[in-house]
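Fold and contact review
Listed below are the residues making up each chain.
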Amino acid sequence: MRALEQRILKDGRVLPGEVLKVDGFLNHQVDPDLMFAMGSEFAQLFREAGVTKILTVESSGIAPAVMTGLQLHVPVVFARKHKSVTLIDDLYTAEVYSYTKKTSNHISISKKFLSADDKVLLIDDFLANGQAVQGLFDICDAAKATIAGVGIVIEKVFQSGHQLVEDRGVQLESLAQITSFDGDRVHFASEND
Ligand code: 5GP
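Looking at an unreviewed UniProt entry, the protein carries the name Xanthine phosphoribosyltransferase, with the source organism given as Lactiplantibacillus daowaiensis. The annotation that UniProt attaches to the protein under Catalytic activity (unreviewed entry) is "XMP + diphosphate = xanthine + 5-phospho-alpha-D-ribose 1-diphosphate". UniProt, in its Sequence similarities (unreviewed entry) section for the protein, records the words "Belongs to the purine/pyrimidine phosphoribosyltransferase family. Xpt subfamily."

Laid out in structure tokens, this is it:
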């Protein structure tokens, strides 16, 4: 998505550890117009997938997920993050290792918001090694829900998450695909088009 790539080039900063900081429009301050455009793009890409629900992880997945739900007219559920979970009877939970924070968190979703009748679109801000998406897969599996696809705002294709989603055999759509960082420069897959 051209507008997203341009915004990354304008406002993104490459940090050590192959982390892209985009807190000016996605991870802290949010640009609603860009979010709305991204929601339209995801809605168009997954319009035929029979999505009944969108799942994401708090907090940075919520804005793009809600904008997509708005345009597919389906509810959006965000998994909550906890250090540990004690009362888990009415929760689906999974353990997720955080790429940026280098710590493990549990994520959880109330059983009342996910069922075997759901066809779920997973949305997240970044795809790096795929731990967040794997946690959402685990939660969907526990609920016996079907995965309709995975929508990612920014994918770092040189990390292992892409393969993890491909192995699952579900539709993966990323609005910006970063192929490499070169110092503070960002390269996109679209440069080779
Ligand atoms: P994964 O679970 O795929 O390894 O990493 C995905 C999660 O880590 C995302 O939800 C995001 O919060 C965070 N993340 C991974 N890579 C980056 C990055 O380059 N920049 C930012 N801001 N967050 C990242």
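Our focus in this paragraph is the site of the ligand. Among the 18 residues in the neighbourhood of the ligand, the closest are listed as Tyr99, Ala128, Asn129, Gln131 and Ala132. Elements that contribute at least two residues to the shell around the ligand include exactly β2 (19-21), β7 (119-127) and α4 (131-143). At four residues, β7 tops the list of elements feeding residues into the shell around the ligand. Considering only residue class, the shell around the ligand consists of eight nonpolar, seven polar and three charged.

Attention now goes to the UniProt feature "binding site: xanthine" (unreviewed entry) in the protein. The positions UniProt marks with the feature "binding site: xanthine" (unreviewed entry) are Leu20, Asn27 and Lys156. As for its position among the elements, Leu20 is in strand β2. Judged by local crowding, Leu20 falls into the partly exposed class, with 19 C-beta atoms found within 10 Å. Not counting the four nearest positions on each side in its chain, Leu20 is found in contact with Gly12, Val14, Ile154 and Val186. Mapping Asn27 onto the fold places it in the loop between β2 and α2 (32-45). Taking the number of C-beta atoms within 10 Å as the measure of exposure, Asn27 has 16 and is therefore partly exposed. In this structure, Asn27 is in contact with Val22, Ser60 and Asp125, ignoring residues within four places of it in sequence.

This paragraph deals with the pairing of strand β4 (residues 76-82). Taken together, the four bridges between strand β3 (residues 53-57) and β4 define a ladder with parallel strand orientation. Across the sheet, Ile54 pairs through a bridge with Val76, a residue of β4. Bridging between β4 and strand β6 (residues 104-110) involves three bridges; their strand directions are antiparallel. Bridge assignment links Arg80 to a residue of β6, and that residue is Ser108.

Reading the values: rules and limits
- Residues numbered from 1 in each chain as written.
- Predicted model: local features only at pLDDT ≥ 70, side-chain atom pairs only at ≥ 80, totals over all residues.
- UniProt positions renumbered as here; feature names shortened; annotations may be inferred.
- Near = placed C-beta within 6 Å.
- Helix = DSSP H or I, 4+ residues; strand = E, 2+ residues; numbered from the N terminus.
- Nonpolar A, V, L, I, M, F, W, Y, C, P; charged D, E, K, R; others polar.
- Buried ≥ 20, exposed ≤ 12 C-beta atoms within 10 Å, placed from the backbone.
- Contact = placed C-beta atoms within 7 Å.
- Pairing = 2+ DSSP bridges.

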